[in-house]
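# Structural description and commentary
Listed below are the residues making up each chain.
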Amino acid sequence: MTDESRPDHAAALAMARINDLEGLLSTASALRDSHHRNLVTYSKKVFIPLTHLCRDVCHYCTFARTPKRTAAPYLTIEQILEVARRGADQGCKEALFTLGEKPELRYRVARDALADMGYVTTLEYLREAARLVYAETGLLPHLNPGTMTADEIAMLRPVAPSMGLMLESASARLALRGMPHYGSPDKNPALRLATLEAAGKACVPMTSGILIGIGETRRERIESLLALRDIHEAYGNLQEIIIQPFRAKPGTKMANAIEPGLDDLLWTIAVARIVFGARMSIQAPPNLSPGDLPRLIGAGINDWGGVSPVTPDYVNPEAPWPHLEELRFATASAGKHLHERLTIYPEYVRDADQWTDSAWRTPLLRLTDAAGLPRTDDWAPGTTTTPPAVTTRSKAATVSADVVAILDKALAGANLDEAEMVRLFDAHGDDFAAVVDAADTLRRITNGDTVTYVVNRNINYTNVCYYHCRFCAFSKGKTSEDLRGSPYDLSLDEIRRRTVEAWDCGATEVCMQGGIHPRYTGQTYLDILHTVKDAAPEMHVHAFSPLEVWQGAATLGVSLEDYLLRLKAMGLATLPGTAAEILDDEIRDILCPDKISTQEWLTVMETAHGIGLRSTATIMFGHIDRPLHWARHLLRIRELQSRTGGFTEFVPLPFVHMEAPMYRRGGARKGPTWRESILMHAVARLALHPHISNIQVSWVKMGHRGAIACLNSGCNDLGGTLMNESISRAAGAQHGQETTPSQFAELIGAAGRVARQRSTLYGDVSQHRINAGLNAGLREKIVNTPISRQW
């Protein structure tokens, strides 16, 4: 059953008569797995009870208190911030504000307290409290303010990325005399549904749900779920549906009421999953069903809600939160992987322009990965932060059946399609470990235990560039002359000097790229080649991105093929596969709008391959892109390789964010997460097999520890020693400019592998050249020739 084939109202209501619990559980669990797969989420939060005063008198509630039973009408700002700070110190990301409904309409003490603080309504005070909590602690506020008008929702939207309102029940019967909502005007179902509808019109992500066991019938439960579904179908703003079981509490009118049993709860969860379909997040609070958590997962939930390491559940104070390790164990025992989420769900993060106030877009980008889930460690590409350990499969590992099938297909040498690649990029827990293991197996079959590297020197001949790539911290244009160092344009004499020095130090390759200087023409690149080959005739020249080739041909007014033939005749041996970024124009139009298009990049490479020039291929990922774009990129590389066979290796380049203009302006994530970085190398191995046999890790971006992890995740190559590195360092990378041959040998040995120095085309290198690299002396300090004239 898909979301498109959810039961209509009549069919849904008919489920009230279904008592086949196992059949319902089986259907619901399969539905959940078809979208949420092996992931079960939770939000790490603090619970902030802004006020216990409430104008309603629900017969089951211990949260609401009269003024005589409260120490103060409202928490003070300092009390609120103290709780929030403790939560932030414990790694929480959510501040859940709970409060009674509009107490100022019932209690003078509430009105007076608000007036003393300078407010008229509780919601005005809530707005200021939420604003300060985020400003002071970085916790994302989630507000449960009760019923609201459209104006009140608009007032609160800028200070909270999400809000919540439990419907509890759509049955007006529960508000009759003797029923639990009698005397509680805000529990009128029409008012609550109107609030959810108004929030939908205002594009506010909302949590909602039902409370079961308070006197409603099963049919009324389904009617309540259908009322919520109708709102979601109209506005798309319900991010989760909570199925909360009533728990009897001493001192309430329902202290002796019978609580719903486990089977009743499971029945309701399963029906909710079937009514809402595969995509909706269905939640059940874990503290209200201790000991039965795996069974709740079996009924179709995919979320545990908020769990706090700091504060109790003030609504159900008798039910302590489970320890996170207990929750992780219970989740794993059901064959699922526990993962943190934000208060705003991933699909709403991914579409934050629609669903949040503009003030939240940059914070959400910086907090999350490509899927919209939160970053759970401090590692980022280019930083020296110790990376997390790579997840390994446990003895009792449960790998999703679809992942097993995809991996078997890849290991058999069959081409993966776009959807299958996206699925692998979505791997978590045991699925993630299985992807890494399969990639490492394929690496071992293809390359054995040998890890290769090349002794080379980077020569970035100019950082002057008239293109406006939003990610680039290296280039200098008219508007960035004073940023990240001075503009330079190397003289041919300096290029010659660096080439000779590189040869003397054992290099077999110079890798040359630079900005697109407005005064450069196609002849400039020919002159550079002549200089290098004249200085070191045996040096392999690996130079000029497709953008430089395209621009060079255009400035000379010749075809790509003609220009590439001229470059080849002058000594060009291979091309670097940079300027690819993401080969999908949906992303390129934002990332590098004036750069060559996807098709133009592919055309340069196909033309080069056609005349016998081989090249590398790269992907620069982890900024504004998503797994779908990564899959499309891999498909386009593979399709071209299947025609030409011209790519020597594939090189993932994780986005280094620190000095990147688009990050500094709030428009990008912090690069890929550790998990995403490992997966990119692993999935590349699986998706490009058997067409590209070499997968390289960039030690400049991943660091040496990261490089070792990638060597165990499908990689067989470490790239070059570099000697000088400018581009990643300009973006903030902290892993240095050079890894010597001796350091490579040590690193490779630490990974339990065998080192081999290679040529650019993966051939052998003479012992004479190897010895020159091992015995290299100190090099002169490089001098970047300042620009001699304005551009």
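Before any of the text, the structure's been laid out above.
Cut-offs applied
Residues numbered from 1 in each chain as written. Predicted model: local features only at pLDDT ≥ 70, side-chain atom pairs only at ≥ 80, totals over all residues. Heavy atoms only, no water. Pairing = 2+ DSSP bridges. Helix = DSSP H or I, 4+ residues; strand = E, 2+ residues; numbered from the N terminus. Axes fitted to C-alpha atoms, helices over the stretch in contact; angles between N-to-C directions. Contact = heavy atoms within 4.5 Å. Parallel < 35°, antiparallel > 145°, perpendicular 65-115°, else oblique. Left-handed = near helix turned anticlockwise from the far one by under 90°. Core = buried A, V, L, I, M, F, W, Y, C linked by side-chain atoms within 4.5 Å. Buried < 20%, exposed > 50% of the residue type's maximum accessible area, 1.4 Å probe, protein only. Salt bridge = Lys/Arg side-chain N within 4 Å of Asp/Glu carboxyl O. Polar contact = N/O pair within 3.5 Å; in protein donor to acceptor, adjacent residues only side chain to side chain. Right-handed = clockwise from strand over helix to strand, strands pointing away.

## Quick look at the sheet that holds strand S10 (residues 450-454)
- Reading across from one edge, S17-S10-S18 is the order of the three strands in this open sheet, with parallel pairing throughout. Unpaired on one side and paired on the other, strand S17 (717-720) and strand S18 (754-757) mark the two borders of the sheet. Ignoring strand direction, the axes of neighbouring strands in this sheet form an average angle of 20 degrees.
- Relative to S18, S10 is paired through four bridges, and the arrangement is parallel. Directly across from Thr-452, in S18, lies its bridge partner Arg-756.
- Here helix H27 (residues 699-711) sits on the sheet in contact with S10 and S17, set at roughly 155 degrees to S17.

## Observations regarding the sheet that holds strand S15 (residues 614-621)
- Pairing is parallel in the open sheet, where six strands are placed in the order S11-S12-S13-S14-S15-S16. Strand pairing shows two members of the sheet lacking a second neighbour, strand S11 (456-460) and strand S16 (647-654), which therefore form its edges. Between one strand axis and the next, the sheet turns through 25 degrees on average, direction left out of account.
- Inspection of the sheet shows strand S14 (residues 572-575) paired to S15 by two bridges, in the parallel sense. In the strand pairing of S15, Leu-575 is matched with Ser-615.

## Description of the packing of helix H23 (residues 598-610) against helix H24 (residues 627-644)
- Remark: H23 packs on H24, axes separated minimally by 11 Å, with the N-to-C direction vectors making an angle of 20 degrees. Relative to H24, the element H23 is oriented roughly parallel. Two packed elements cross with a definite hand, and for H23 against H24 that hand is right-handed. Contact residues: H23 offers Thr-598, Trp-601, Leu-602, Met-605, Glu-606 and His-609, while H24 offers Arg-636, Ile-637, Leu-640, Arg-643 and Thr-644.

## So, the nonpolar core
- Val-435, Met-512, Leu-567, Trp-601, Phe-650, Leu-686 and Leu-718 are the most contacted members of the largest nonpolar core, which has 121 residues in total.
- When residues of this core are assigned to their parent elements, the largest contribution, ten residues, is made by helix H26 (residues 674-688).
- Apart from residues lying up to four places away in sequence, Trp-601 is in contact with Pro-546, Gly-577, Thr-578, Ala-579, Ala-580, Leu-583, Ile-596, Ile-637 and Phe-647.
- In terms of nonpolar packing, the next biggest core, distinct from the first, is built from 91 residues, Leu-126, Ala-130, Leu-139 and Leu-156 among them.

## Regarding the environment of Met-539
- Topologically, Met-539 is positioned in the loop between helix H19 (522-535) and strand S13 (540-543).
- C-alpha of Met-539 to C-alpha of Trp-630: the two residues are 91 residues apart in sequence and 34 Å apart in space.
- In this structure Met-539 touches Thr-499, Ala-502, Trp-503, Ala-507, Thr-508, Glu-509, Val-510 and Lys-533, once residues within four positions along its chain are discounted.

## What about the pattern of salt bridges?
- Inspection of every chain in the model, using the stated rule, returns 47 salt bridges.
- Put simply, Arg-131 and Glu-128 hold a salt bridge, and the shortest N to O gap is 2.7 Å. Remark: Glu-128 and Arg-131 occur in helix H5 (residues 122-137); sequence separation between them is three residues, near one turn of the helix.
- Across the pair Asp-431 and Arg-423 runs a salt bridge, and its minimum N-O distance is 3.1 Å. With respect to class, Asp-431 is no different from Arg-423; both count as buried.
- A single salt-bridge network, built from bridges that share partners, covers Glu-418, Asp-584, Glu-586, Arg-632 and Arg-636.

## As for the side chain of Arg-758
- Relative to the elements of secondary structure, Arg-758 occurs in the loop between S18 and helix H30 (767-774).
- For Arg-758, the side chain forms a polar contact with the side chain of Asp-717, separated by 2.7 Å.
- Contact partners of Arg-758, with chain neighbours within four places excluded, come to Thr-452, Tyr-453, Val-454, Thr-508, Glu-649, Gln-696, Asp-717, Gly-719, Gly-763 and Val-765.

## Brief notes about the environment of Ser-597
- Within the element layout of this structure, Ser-597 appears in the loop between helix H22 (585-591) and H23.
- For the pair Ser-597 and Ala-579, spaced 18 residues apart in sequence, the C-alpha to C-alpha distance is 9.9 Å.
- In this structure Ser-597 touches Asp-585 and Arg-588, once residues within four positions along its chain are discounted.

## As for the pairing of strand S3 (residues 140-144)
- Where burial is concerned, most of S3 is hidden: four out of the five residues are buried.
- In terms of strand pairing, strand S2 (residues 94-99) meets S3 through five bridges, oriented parallel. By the bridge assignment, Phe-97 is partnered in S3 with Leu-143.
- In the sheet, S3 pairs with strand S4 (residues 162-164) via two bridges, with the strands oriented parallel. By the bridge assignment for S4, His-142 is matched with Ser-162.
- Tracing the backbone out of S3, into helix H6 (residues 150-156) and back to the parallel element S4 gives a crossover that is right-handed.

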